[in-house]
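# Notes for the structure review
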Amino acid sequence: MERRAQEIRQLCAASLRALGADPRLELLGTRAYRGTSVLPFNAPHLYPALPDADFVSFRGASDGLALRATHSDDEKHQALLPGSPSARLVFEVLEQFRCESLSTLPGVVENLRARHISWSKEFIASGLTETSLGMLLYTIIQVTRSRITGEPVVPESEDMIEATRANLSSSLGPLLPHLRRKAHSQSAFAPHALDIAGLVDEAVNALESKRPARARSKDKEAKAPSFSLLMDVESDAAAIGALVSGTSSTLEQAQDGYTVFTRAYDKVSVAGDLVRADLLRGYRERVAQRVHEEAVNVALLAKKLQALLCVQERSGYDSGAEEGLLDGARLGQLVASPTERRVFKTDRFEPSAAATLTFLVDCSGSMKQNAPGLAAFLDVLVRALERIEVPCEVLGYTTGAWNGGRALKDWRRAGTPANPGRLNELSHLVFKDATTSWRTGRTSLAAMLKSTLYREGIDGEAVRWALGRLRDQDADSRFLVVISDGSPADGATANANDENYLQHDLAGVLRTAEAAGGTTILGLGLGLDMSQYFRRSTILDAERLGGSESVRDLLGLLERSVRAAR
C-alpha cells in the first residue's frame with residue numbers, strides 16, 4: 001500500500017508541474033509547495049486520503065491544485081480572507097471552483113468532476129449531512145459549484161439538498177449569477193464570493209444560536225473522524241485540509257529559529273572505534289555471510305552506477321582507424337603500402353567519476369532490527385562505487401543517551417527555562433569516510449550491527465552535518481541518501497518544547513537545502529513513505545534489504561533524479 005501511494009503521489013506531482021507550467025511545484029505528503037513555500041490552498045476536496053480514494057480522485061485533486069496555482073494570486077486571496085471560520089471555508093471553496101472553471105482541457109474537466117463526485121459521496125457517508133450545519137455547507141458547495149462551472153449538481157444530492165436550497169433561494173439566488181460572469185477575474189469575482197461567505201456566516205450563527213448544547217454534541221458525534229473536511233461542527237467551523245503534522249508552534253514563534261540548549265556533550269565518532277575488536281570481527285563475518293547469501297552482482301551494479309554517476313572524458317587517441325584524424329605516425333606505412341587505409345586516429349573516451357555520494361543512516365532504536373540487511377546493502381553499494389572511483393561516505397546519527405542524558409540534567413539545574421530547543425546529546429557516527437577504501441573501511445561498516453549504538457534520532461541536525469561534509473568534497477554532482485524508518489524523535493526535546501519540534505526542523509532543513517541546490521537529497525524509507533519530507537524518495541522492503549530488489553529500487557530513484565537534473 002505504501003509503495004502504491006508513493007507511485008500515485010509521484011504521478012500527481014508530475015501532473016501538477018506540467019499543468020501548472022512551473023517546475024517549482026511539488027507535492028510533499030499531501031501538501032503542495034512552490035519551491036520552499038507551502039501553497040495555502042485549503043479547499044477540502046483537494047486532499048483525498050488513502051486507502052479510500054482512487055487514482056482518478058488524486059488526479060482531479062492535483063489538477064485542481066495546478067489550476068489554483070496558475071489562476072489565483074495567493075497574496076490577494078489571503079488579504080481578502082474573512083475572519084469567521086465558516087466564511088473563510090466558503091470563500092476558500094469558491095475561489096477554488098473559480099480556478100477550476102477556467103480549464104478548457106476535456107481530460108482535466110473530467111478529472112475535476114470525478115473528484116467532486118467522489119468528495120460529495122465521502123461527505124454524505126461521513127454523516128455530516130445529518131447535521132443542520134453540515135447540510136447547509138454541503139448545499140452551498142453543490143449549488144455554487146454548479147453555477148460557476150455550468151455542471152449539474154451530483155445526482156445523489158438532488159433530492160437531499162432541495163429543502164435547504166429552497167430556504168436559501170431568496171437570499172442566495174440573486175448572488176449566484178455574478179459568480180459565473182466574473183469567474184475570469186479574481187478581483188471581480190471576490191466581492192460576490194465574500195457576499196456569499198457572509199451570508200453563510202449569518203446562517204451558521206443563526207443555526208448555532210438555536211441549537212441546545214446536547215444537539216451540538218450529537219452533531220459532533222455524527223462526524224466521521226476519517227473525513228477530510230476538518231471542521232468542528234460544535235463551533236462555527238475550522239481549518240480545512242491543512243497538513244499540520246510536523247508543524248511546531250514553538251519553532252514558528254521562536255525569533256532565533258531552531259536552537260540547542262547545550263552542545264557540550266555532542267560528539268562525532270568513528271563507528272569502528274566504539275566496538276571491541278573481537279566483536280567487530282564477528283560482526284564483519286555476519287555481514288559478509290549476508291552479502292554472500294544475497295548474491296548481488298557487484299560488477300553489473302557498478303556498470304549501472306557508472307552510467308548514472310560518471311561522464312565520458314577524452315583520454316587520448318586510438319590509432320589504426322579507417323577514418324578520423326590523419327595519424328602522422330602512420331604516414332610511412334601509407335608510403336610503403338598505398339592501399340593501406342588504417343592510417344587514421346580517433347578520440348578515445350573513458351568514464352570519469354563526476355559525483356560523490358553520502359549515505360546517512362538513521363540509528364534510532366527502531367532501526368536496529370534492520371541493521372544486518374542494511375549493512376549488507378551498504379557494503380555492496382560501497383564496493384560497486386569504489387570500482388568506478390566515485391567517492392562515498394557512510395554516516396550515521398543517534399544520541400548519546402536516552403531521554404536527554406546530561407543535557408537534560410543541565411537544563412534542570414538551570415531551572416528548566418522554557419523552550420530550550422534540542423535537549424539531548426548528539427552522537428554522529430562515521431562508518432566510512434570518503435577517502436577510505438572499501439577494503440579498509442568494511443570492518444567499520446560492520447559496527448552497524450552493535451545494538452547499543454541505537455537510541456534516538458535528531459534528523460535535522462544530522463542532515464546539516466552530512467551536507468556540510470559533502471560541500472567539502474570536490475565533485476560536479478553531490479548526492480545525500482538518507483535511510484530511515486520514521487520521523488525524528490527525542491523524548492526530552494518533545495517534552496520541553498512541543499512534539500513536532502524536530503519534525504518541523506527536518507522539513508525546514510530539507511526545503512532550504514533543495515532550494516539552495518548543489519546537492520540532490522534522496523530519502524529511502526524502510527517500509528515507510530518518506531515523501532512527507534523528501535521531494536525524491538522511494539520505499540524499500542525492510543525484509544529484503546541487501547538483495548537485488550533493494551538495489552534496483554535505489555538505482556531507479558537515482559536514475560529519476562539524474563534525469564530530472566539534466
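Residues numbered from 1 in each chain as written. Predicted model: local features only at pLDDT ≥ 70, side-chain atom pairs only at ≥ 80, totals over all residues. Heavy atoms only, no water.

## Focus on the overall build of the protein
Scanning the protein for helices and strands turns up 21 helices and 13 strands. Here the protein holds 566 residues, and the buried ones make up 51% of them. Here the contacts in the protein between residues at least 6 apart in sequence split such that 75% fall between residues at least 24 apart. Accessible surface, the protein as shown: approximately 25,400 Å² in total, 49% of it carbon and sulfur. (Helix = DSSP H or I, 4+ residues; strand = E, 2+ residues; numbered from the N terminus. Buried < 20%, exposed > 50% of the residue type's maximum accessible area, 1.4 Å probe, protein only. Contact = heavy atoms within 4.5 Å. Areas by Shrake-Rupley, 256 points an atom, 1.4 Å probe, with all protein chains shown as cover.)

## Concerning the nonpolar core
Soluble globular proteins tend to bury their nonpolar side chains together. Phe359, Phe377, Val394, Met448 and Ile483 are the most contacted members of the largest nonpolar core, which totals 59 residues. Take this core: its biggest share by element is eleven residues, from helix H15 (residues 371–387). In contact with Phe359, other than residues within four places in its own chain, are Leu378, Leu381, Leu385, Cys392, Glu393, Val394, Leu395, Val481, Ile483 and Leu554. By size, the runner-up hydrophobic cluster in this structure holds 34 residues, among which are Val153, Leu175, Leu176 and Val204. (Core = buried A, V, L, I, M, F, W, Y, C linked by side-chain atoms within 4.5 Å.)

## Examining helix H20 (residues 501–516)
Here H20 spans 23 Å end to end across 16 residues, near enough to the 22 Å set by a 1.5 Å rise per residue. Taken residue by residue, H20 has Tyr501, Leu502, Gln503, His504, Asp505, Leu506, Ala507, Val509, Leu510 and Ala513 as its buried positions. Residues of H20 that are buried in the fold lie against helix H11 (249–253), helix H18 (459–471), helix H19 (491–496) and strand S12 (520–526). Just past H20, the residue Gly517 takes up positive phi, approximately 75°. (Expected span 1.5 Å × (residues − 1).)

## Regarding the packing of helix H2 (residues 55–71) against helix H5 (residues 106–126)
Between H2 and H5, whose axes approach to 8 Å, the crossing angle comes to 115°. If you check the angle between H2 and H5, you find them roughly perpendicular. Taken as a pair, H2 and H5 cross one another with a handedness that is left-handed. For the pair H2 and H5, contact is made by Val56, Ser57, Arg59, Gly60, Ala61, Asp63, Gly64 and Leu67 and by Val108, Asn111, Leu112, Ala114, Arg115 and Ser118, respectively. Considering only residue class, the contact of H2 with H5 consists of six nonpolar, five polar and three charged. (Axes fitted to C-alpha atoms, helices over the stretch in contact; angles between N-to-C directions. Parallel < 35°, antiparallel > 145°, perpendicular 65-115°, else oblique. Left-handed = near helix turned anticlockwise from the far one by under 90°. Nonpolar A, V, L, I, M, F, W, Y, C, P; charged D, E, K, R; others polar.)

## A word on the packing of H5 against helix H6 (residues 132–149)
With their axes 12 Å apart at the nearest point, H5 and H6 run at an angle of 165° to one another. Classified by the interaxial angle, the pair formed by H5 and H6 is roughly antiparallel. The handedness of the crossing between H5 and H6 is left-handed. Each of Leu112, Arg113, His116, Trp119, Ser120, Phe123 and Ile124 in H5 lies in contact with H6, whose residues at this interface are Gly134, Tyr138, Ile141, Gln142 and Arg145. Residue composition of the contact of H5 with H6, grouped by class: six nonpolar, four polar and two charged.

## A few points about the pattern of salt bridges
By the definition in use, this model includes 24 salt bridges. The partner of Arg68 in a salt bridge is Glu92, with the nearest N and O atoms 2.6 Å apart. Here Arg68 is found in helix H2, whereas its partner Glu92 is found in helix H4 (residues 85–100), with 24 residues between them in sequence. Of the two residues examined, Arg68 and Glu92, each falls in the buried class. Overlapping salt bridges, with partners in common, bring together Glu100, Arg113, Arg145 and Glu151 in one network. (Salt bridge = Lys/Arg side-chain N within 4 Å of Asp/Glu carboxyl O.)

## Here's the deal with empty space enclosed by the protein
Within the structure shown, the criterion is met by two cavities of 30 Å³ or more. Its boundaries defined by the atoms lining it, the second largest cavity holds a volume of some 40 Å³. In terms of lining, the second largest cavity is formed by Pro44, His45, Val93, Phe97, His116, Trp119 and Ile141. Going through the elements one at a time, H4 and H5 are the ones with two or more residues in the lining of the second largest cavity. For the lining of the second largest cavity, the residue count by class is five nonpolar, two polar and no charged. (1 Å grid on protein atoms, 1.4 Å probe; cavity = no way out; pocket = protein on both sides within 12 Å on 5 of 7 lines; lining within 4 Å. Points joined across faces, edges and corners; volume = space filled by probe spheres on them.)

## Looking at the packing of aromatic side chains
Within the structure shown, the criterion is met by three aromatic pairs. Taken together, a centroid distance of 5.4 Å and an interplanar angle of 25° make the contact between Tyr258 and Tyr501 stacked. One end of the pair, Tyr258, is in the loop between H11 and strand S4 (267–270); the other, Tyr501, is in helix H20, and 243 residues separate them in sequence. Neither Tyr258 nor Tyr501 differs from the other in exposure class; each is buried. (Phe/Tyr/Trp six-rings, centres within 6.5 Å; stacked < 30°, edge-to-face > 60°.)

## So, the environment of Val56
Along the chain, Val56 falls in helix H2. For the pair Val56 and Ile8, spaced 48 residues apart in the sequence, the C-alpha separation amounts to 9.9 Å. The contacts of Val56, once residues within four sequence positions are left out, are Asn111 and Ala114.

## Examining the side chain of Lys450
For Lys450, the position within the fold is in the loop between helix H17 (438–445) and H18. Of the side chains with opposite charge, Asp278 lies nearest to the buried Lys450, which makes no salt bridge, at 9.5 Å. Among all residues touching Lys450, those that are not within four sequence positions of it are Leu274, Val275 and Tyr283. (Lys, Arg positive; Asp, Glu negative; His and termini not counted.)

## Topic: the confidence of the model for the protein
Averaged over every residue, the pLDDT of the protein is 85; the share at 70 or more is 89%. Put simply, helix H10 (residues 213–222) is where the protein has its lowest mean pLDDT, 47, and strand S10 (residues 426–432) is where it has its highest, 97. Taken as a whole, residues 214–245 scores under 50 in pLDDT and shows 79 contacts with residues more than four places along the chain or in a different chain. (pLDDT = per-residue confidence, 0-100.)

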